[in-house]
Amino acid sequence: MVADDLKGLPLAGIKVVEFSHMVMGPLTGAVLADLGADVVKVEPIGGDNTRRLLGSGSGYFPMFNRNKRSICIDLKSVAGRDAAIRLVRGADVVIENYRPGALDKLGLGAEALRKVNPDLIYCSTKGFLTGPYEHRSALDEVAQMMGGLAYMTGPPGRPLRAGASVIDIAGGMFGAIGILATLLARTRGDGGASVRASLFETTAFMVGQHMAQMAVTGQAAAPMPNRISAWAIYDVFETLNPDELLFVGVVSDGQWKSFTAAFDLGEVGRDPRFATNNERVLARETIVPVVRAIMAQHSRAELLDRLERAGVAFAPIARPQDLFDDPHLNASGGLVDLTLNDGRAIRLPALPLEIDGRIPGVRRDLPHPGEDGEDVLRDFGFGATEIAALHESGAIGTLAKSVRDLAGQEQTA
């Protein structure tokens, strides 16, 4: 699947070279790719090892690598490094998330490549920003543990990582924001820039609201399972079928009026003392049991209908696999069609934004390892003889036979 419709995509014409694996770096590139940039994913010979992860890692590659072109390069070979540098010379952006110092040793660090291309935006997605920890290796889970997020997620004494790679993803988003900001600055004549996004500082930013709570109140925030809610009704409730759980949040005085009009809470619903939010919070132990009893008397389908008509915040408790059949995602283009390298068709979430009413979709399917090598090299100015020589030396991965044939034709012409 290749569709070159870039109409309405703001990053059309921007060239990105991505040296990355796992989640954070590929997510940064995926954001740019979905927005129209030509993202060239540089993989090792044989392909990114992320492609072969099992278990929870098996979804990383298909989720974060659509709309990219793939080339396999042996960066440890002189010819491979020279080819990579030549790609960078024609690029606007480089993204990398290797361990600290790894690309510098290969001559592909920010300082070296910005000498080759002074207008280059070089984005590193790492564990830490500049400081005592910057040379440490890190993972999403490491950042969640040391940044306080795991403490806030689990019950007291049982730190628990969030149920998705939220720090990798958020950190990659901050990387993309930094790239977009410096690309804009470059249009004003500021030249290139080095951008770094990190896991640890992203985690600190995400728990900043709890740090602020401590600063404002003098009391530390309790882990979320033991939190003191800002609202009386802000919880998960059992319905008539105990397996069909439902979250309900009544977060304003107006919603309280709507909620009590939709459900008969008896004296609790009529009590004038509960007309204001803070009074309801103080009376939570009186209000919540009444609400639980009402929720347990009705099917979730009935409750969803009544809550929607009342304009109250609600959510059925869903599993990730339930989203494949979500009517809203399927109606709005919120899921995009992709093909795994083994030929199986899948659907995965689109970029969660609209531009002029349009959700960015898929122009390029998930690439096979190195499948775009010929086109990439040609687009960056390599001739057929050069391409064939790189292939024969093993500096780049397998290419179509037609390239070697073209090289032979050049030599005999």
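Please read all numbers here as calculations on a predicted model, not as lab measurements.

1. As for the overall build of the chain
Looking only at helices and strands, one finds 19 helices and 11 strands in the chain. Scored against the burial criterion, the 413 residues of the chain give a buried share of 44%. Nonlocal contacts in the chain, meaning residues at least 24 apart in sequence, comprise 70% of its contacts between residues at least 6 apart. If you sum the accessible surface of the chain, you get close to 21000 Å²; carbon and sulfur atoms cover 56% of it. In the chain, 42 side chains carry a positive charge and 50 a negative one; their mean positions are 3 Å apart.

2. Section: the packing of aromatic side chains
Each aromatic ring pair is characterised by the separation of its centres together with the angle its planes make. Under the definition given, this model contains seven aromatic pairs. Seen from their ring centres, W231 and Y234 are 4.8 Å apart, and the 40° between their planes marks the pair as tilted. Their ring planes at 40° and their centres at 5.1 Å tell us that F259 and F263 sit as a pair that is tilted. A residue is classified by how much of its surface remains accessible, and F263, at 1% relative accessible area, is buried. Here the aromatic residues F128, Y133 and F200 are joined through ring pairs into a cluster of three or more. Directly above the ring of F380 sits K15, whose terminal nitrogen or CZ lies 5.4 Å from the centroid. Directly above the aromatic system of F382 lies the positively charged group of R86, at a separation of 3.8 Å from the ring centroid.

3. Some remarks on the sheet that holds strand β5 (residues 121-126)
Pairing in this open sheet of six strands is parallel, and the strands run β3-β2-β1-β4-β5-β6 from one edge to the other. Edge positions in the sheet fall to β3 (68-72) and β6 (193-198), since each has one partner strand and no second. Neighbour-to-neighbour, the strand axes of the sheet open up by a mean angle of 20°, direction not taken into account. Pairing of strand β4 (residues 93-96) with β5 involves four bridges; the strand directions are parallel. In the sheet register, I95 faces β5, and the bridge partner there is C123. Strand contacts of helix α3 (residues 78-89): β1 (15-19), β2 (38-43) and β4, with the helix running at about 145° to β1, the strand carrying the most contacts.

4. As for the packing of helix α8 (residues 166-187) against helix α9 (residues 199-206)
Two packed helices can be described by the angle between their axes and the distance between those axes. Two elements in contact, α8 and α9, have axes whose closest approach is 9 Å; the angle formed by their N-to-C orientations is 100°. Classified by the angle their axes make, α8 and α9 are roughly perpendicular. Between α8 and α9, the residues in contact are I167, D168, A170, G171 and F174 and L199, T202, T203, F205 and M206, respectively. Its residues assigned to classes, the contact of α8 with α9 comprises six nonpolar, three polar and one charged.

5. Re the confidence of the model for the chain
Model confidence for the chain is summarised by a mean pLDDT of 94, while 95% of its residues fall at 70 or above. Ignoring residues within four places in sequence, the model shows residues 400-413, a span with pLDDT below 50, making 17 contacts including any to other chains.

6. Notes on a nonpolar patch on the surface
Taken together, the side chains of Y133, L139, V142 and M146 make up a nonpolar region of the molecular surface, amounting to roughly 330 Å² of accessible area. If you trace the backbone, M146 turns up in helix α6 (residues 140-146).

7. A look at the nonpolar core
Ranked by size, the top nonpolar core spans 28 residues in total, and within it F19, V42, L87, L377 and F382 carry the most contacts. Elements represented by at least two residues in this core include exactly β1, β2, α3, α5 (110-116), α17 (373-379) and α18 (384-393). In terms of residue count, the dominant contributor to this core is α3 (five residues). Each residue touching V42, except ones within four places of it in the same chain, is listed here: V17, E18, F19, I71, I73, L75 and L87. Judged by nonpolar contacts, the second largest core, of 23 residues, contains L27, L35, V39 and I179.

8. Remarks on the sheet that holds strand β8 (residues 246-249)
Read from one edge to the other, the open sheet built from three strands follows the order β7-β8-β9, with strand pairing classed as antiparallel. With partners counted over all chains shown, the strands left at the sheet margins are β7 (234-237) and β9 (313-316), one partner each. Each adjacent strand pair in this sheet contributes to an overall mean axis angle of 15°, direction not counted. Direction of pairing for β8 relative to β9: antiparallel, over a ladder of four bridges. By the bridge assignment, F247 is partnered in β9 with A315.

9. Quick word on the packing of α9 against helix α10 (residues 208-217)
Their axes nearest at 4 Å, the elements α9 and α10 cross at an angle of 50°. Judged by the angle between their axes, α9 and α10 are oblique. Each of A204, F205 and M206 in α9 lies in contact with α10, whose residues at this interface are G208, Q209 and M211. Here the residues of the contact of α9 with α10 are counted per class, giving four nonpolar, two polar and no charged.

10. Let's talk about unusual backbone geometry
Phi at M22 is positive, roughly 65°, even though this residue is not glycine. M22 sits in the partly exposed class, given a relative accessible area of 34%. Of note, D356 is a non-glycine position whose phi angle comes to about 50°, a positive value. Within the secondary structure, D356 is located in the loop between β11 (345-349) and α17. For D356, a relative accessible area of 83% gives the class exposed.

Conventions used here
Residues numbered from 1 in each chain as written. Predicted model: local features only at pLDDT ≥ 70, side-chain atom pairs only at ≥ 80, totals over all residues. Heavy atoms only, no water. Helix = DSSP H or I, 4+ residues; strand = E, 2+ residues; numbered from the N terminus. Buried < 20%, exposed > 50% of the residue type's maximum accessible area, 1.4 Å probe, protein only. Contact = heavy atoms within 4.5 Å. Areas by Shrake-Rupley, 256 points an atom, 1.4 Å probe, with all protein chains shown as cover. Lys, Arg positive; Asp, Glu negative; His and termini not counted. Charge placed at Lys NZ, Arg CZ, Asp CG, Glu CD. Phe/Tyr/Trp six-rings, centres within 6.5 Å; stacked < 30°, edge-to-face > 60°. Lys NZ or Arg CZ within 6 Å of the ring centre and 35° of its normal. Pairing = 2+ DSSP bridges. Axes fitted to C-alpha atoms, helices over the stretch in contact; angles between N-to-C directions. Parallel < 35°, antiparallel > 145°, perpendicular 65-115°, else oblique. Nonpolar A, V, L, I, M, F, W, Y, C, P; charged D, E, K, R; others polar. pLDDT = per-residue confidence, 0-100. Patch = residues over 30% accessible without salt bridge, like charges linked within 9 Å, V, L, I, M, F, W, Y side chains within 5 Å. Salt bridge = Lys/Arg side-chain N within 4 Å of Asp/Glu carboxyl O. Core = buried A, V, L, I, M, F, W, Y, C linked by side-chain atoms within 4.5 Å.

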